[in-house]
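# Chain and residue survey
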Amino acid sequence: MNIRSIRPNKVTIPAKNGIGASQIALPEGVWKTYEEFLTERFSVLSEKEWRQRILNGEVLYADGNPVLPLSPYRAGQKLYYYRYLPNEDNIPFQESILYQDDWLVVADKPHFLPVTPSGKYVRETLLVRLKAKLGIDTLTPIHRIDRETAGLVLFSVKPEGRNLYQRLFRENFVSKHYEAIATYRNDLVLPMRYKCRLEQGDTFMRMQVVPGKSNTETEIRILERHGQFAHYYLKPVTGKKHQLRIQMCSLEIPILNDRIYPVHLPEAVTPQMRQEEYKYPLQLVAKSIRFTDPISGKPRYFESRYSLDLNNIESKINRTSLFTHE
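Residues numbered from 1 in each chain as written. Predicted model: local features only at pLDDT ≥ 70, side-chain atom pairs only at ≥ 80, totals over all residues. Heavy atoms only, no water.

Looking up the protein chain in an unreviewed UniProt entry gives the name Pseudouridine synthase, with the organism given as Oxalobacter aliiformigenes.

Given below as structure tokens:
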């Protein structure tokens, strides 16, 4: 007998408005209903609000069937639920799709939009927006760029192609370059290939340069200079977290409007603070990417439509941020 023929089909829980379902295993306990358990575990919502979500079909069993209101609690199983952030703020900048085929999606991300859900961002992320727009639940980012950085982000469409594309980045088969506007130093000899060792810094958000064998490398050259600022071409050979931002800072040419290096400025938590932050985007763009497609074997080249304007830089300077660099 063919064993594969009697295995039950794996149930795939669909995304809802681009948001994939979260999973939770149910422990032993004294809860009478699922509403009671969910309220205690996720107290940001009241029991009444959880009951309404159950009525809306937003809490599911592992087989994909919806949980019914006031169903008796049963430990040892899994539930799926759609994450809910009632006060998530709209990010008023739109992504664009530069390329799409059966295997690959190339998006041009605006400043301030996170790539994937994390913390207070769920709906307002590039991944969730694209899933909702394209109707592709299996969409997965092949690589990441910072929330504050604009430019190219590539996504795998089919699970069976995901590792093939991600391998390109893991094994450095991708050529990419960024562009940045940063302060200018006349005593810094460029072009150069800057190598250093980066490790986790004093907080989760920050990296730091430490003594030891280098684990990062970036080609840096100047495209144009205007007064105390310059337009830089940055070609990373490696891909560490915040690599370009901290390397530029360690060379004493910090990227303009960087809110993490050299000083970690307070997070914009109020509408007024966010509107002020939006005026001064980090002057860093993931500009181009080149590779051989592992599926088709064709050469691929993509270029972001975002550009940096050195001649109009005065209007883009956050004076508070600039003051911290002095």
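This is not the end of the story, as more comes after the structure.
This part is about the overall build of the protein chain. Broken down by element type, the protein chain carries seven helices and 14 strands. Here the C-alpha coordinates of the protein chain stretch approximately 70 × 50 × 40 Å along the principal axes. Looking at the protein chain as a whole, 46% of its 326 residues qualify as buried. (Helix = DSSP H or I, 4+ residues; strand = E, 2+ residues; numbered from the N terminus. Buried < 20%, exposed > 50% of the residue type's maximum accessible area, 1.4 Å probe, protein only.)

Under the defined criterion, the tally for this structure stands at three cavities of 30 Å³ or more. Within this model, the largest cavity holds a volume of roughly 50 Å³. Surrounding the largest cavity, H143, L152, K176, H177, Y178, A286, K287, S288 and I289 form its lining. The set of elements that each furnish at least two residues to the lining of the largest cavity consists of β8 (175-183) and β13 (284-292). Roughly 40 Å³ of volume is contained in the second largest cavity. Taken together, F112, E148, R245, N257, D258, R259, E277, Y280 and L282 make up the full set of residues lining the second largest cavity. Of the residues assigned to the lining of the second largest cavity, the class counts are three nonpolar, one polar and five charged. (1 Å grid on protein atoms, 1.4 Å probe; cavity = no way out; pocket = protein on both sides within 12 Å on 5 of 7 lines; lining within 4 Å. Points joined across faces, edges and corners; volume = space filled by probe spheres on them. Nonpolar A, V, L, I, M, F, W, Y, C, P; charged D, E, K, R; others polar.)

This part is about the confidence of the model for the protein chain. Averaged over every residue, the pLDDT of the protein chain is 89; the share at 70 or more is 93%. Within the model, the stretch residues 1-8 combines pLDDT values under 50 with one contact to residues more than four positions away or in other chains. (pLDDT = per-residue confidence, 0-100. Contact = heavy atoms within 4.5 Å.)

Let us look at the packing of aromatic side chains. Counted under the stated rule, the structure contains 13 aromatic pairs. Arranged with centres 6.1 Å apart and planes meeting at 45 degrees, the rings of F42 and W50 form a pair that is tilted. Accessibility expressed as a relative area gives 2% for W50, which makes it buried. Put simply, the rings of W31, Y34, F37, Y61 and Y73 touch in pairs and so form one group of aromatic residues. Positioned over the ring face of W103 is K158, at 4.5 Å from the centre of the ring. The lysine or arginine in question, R221, covers the ring of Y233, its NZ or CZ lying 3.8 Å from the ring centre. (Phe/Tyr/Trp six-rings, centres within 6.5 Å; stacked < 30°, edge-to-face > 60°. Lys NZ or Arg CZ within 6 Å of the ring centre and 35° of its normal.)

This part covers the state of the cysteines. Counting across every chain of the model gives zero disulfides. Not engaged in a disulfide, the cysteine C196 finds its nearest cysteine sulfur in C249; these two sulfurs lie 11 Å apart. On the basis of relative accessible area, C196 is assigned to the buried category, the value being 7%. (Disulfide = S-S within 2.5 Å.)

This part covers the sheet that holds strand β3 (residues 78-82). Read across the open sheet, the three strands follow the order β1-β3-β2; overall the sheet is antiparallel. A strand with exactly one partner marks an edge of an open sheet, and here the two such strands are β1 (21-25) and β2 (59-61). The average undirected angle you get between the axes of adjacent strands in this sheet is 30 degrees. In this structure, β1 lies alongside β3, joined through five bridges in antiparallel fashion. Paired with A21 across the two strands is Y82, which belongs to β3. (Pairing = 2+ DSSP bridges. Axes fitted to C-alpha atoms, helices over the stretch in contact; angles between N-to-C directions.)

Moving on, we get to the side chain of T140. Mapped onto the secondary structure, T140 falls in strand β6 (residues 140-141). Judged by its relative accessible area of 18%, T140 is buried. Those residues in contact with T140 that lie beyond four places of it in its chain are L154, F155, S156, R162 and Q166.

Attention shifts here to helix α2 (residues 47-55). Within the span of α2, buried status applies to W50, R53 and I54. Relative to the axis of α2, the buried residues are bounded by an arc of 100 degrees and lie together on one face. In α2, the exposed residues that point more than 90 degrees away from the buried face are K48 and L55. Check the buried side of α2 and you find it contacts α1 (34-41), β2 and β3. Directly beyond the C-terminal end of α2, a positive phi value near 75 degrees is found at G57. (Arc of directions from axis to C-beta.)

So, about the nonpolar core. Counting 41 residues, the largest nonpolar core has L139, F155, Y232, L234, M248 and L284 as the members making the most contacts within it. Among the secondary structure elements, those contributing two or more residues to this core are β5 (104-109), α3 (126-134), β7 (150-156), β8, β9 (192-200), β12 (229-236), α5 (243-250) and β13. The element best represented in this core is α5, accounting for four residues. Those residues in contact with L139 that lie beyond four places of it in its chain are V105, L127, L130, K131, L134, F155, S156 and V157. One finds L38, L45, V59 and V67 within the second-largest nonpolar core, a separate group that totals 15 residues. (Core = buried A, V, L, I, M, F, W, Y, C linked by side-chain atoms within 4.5 Å.)

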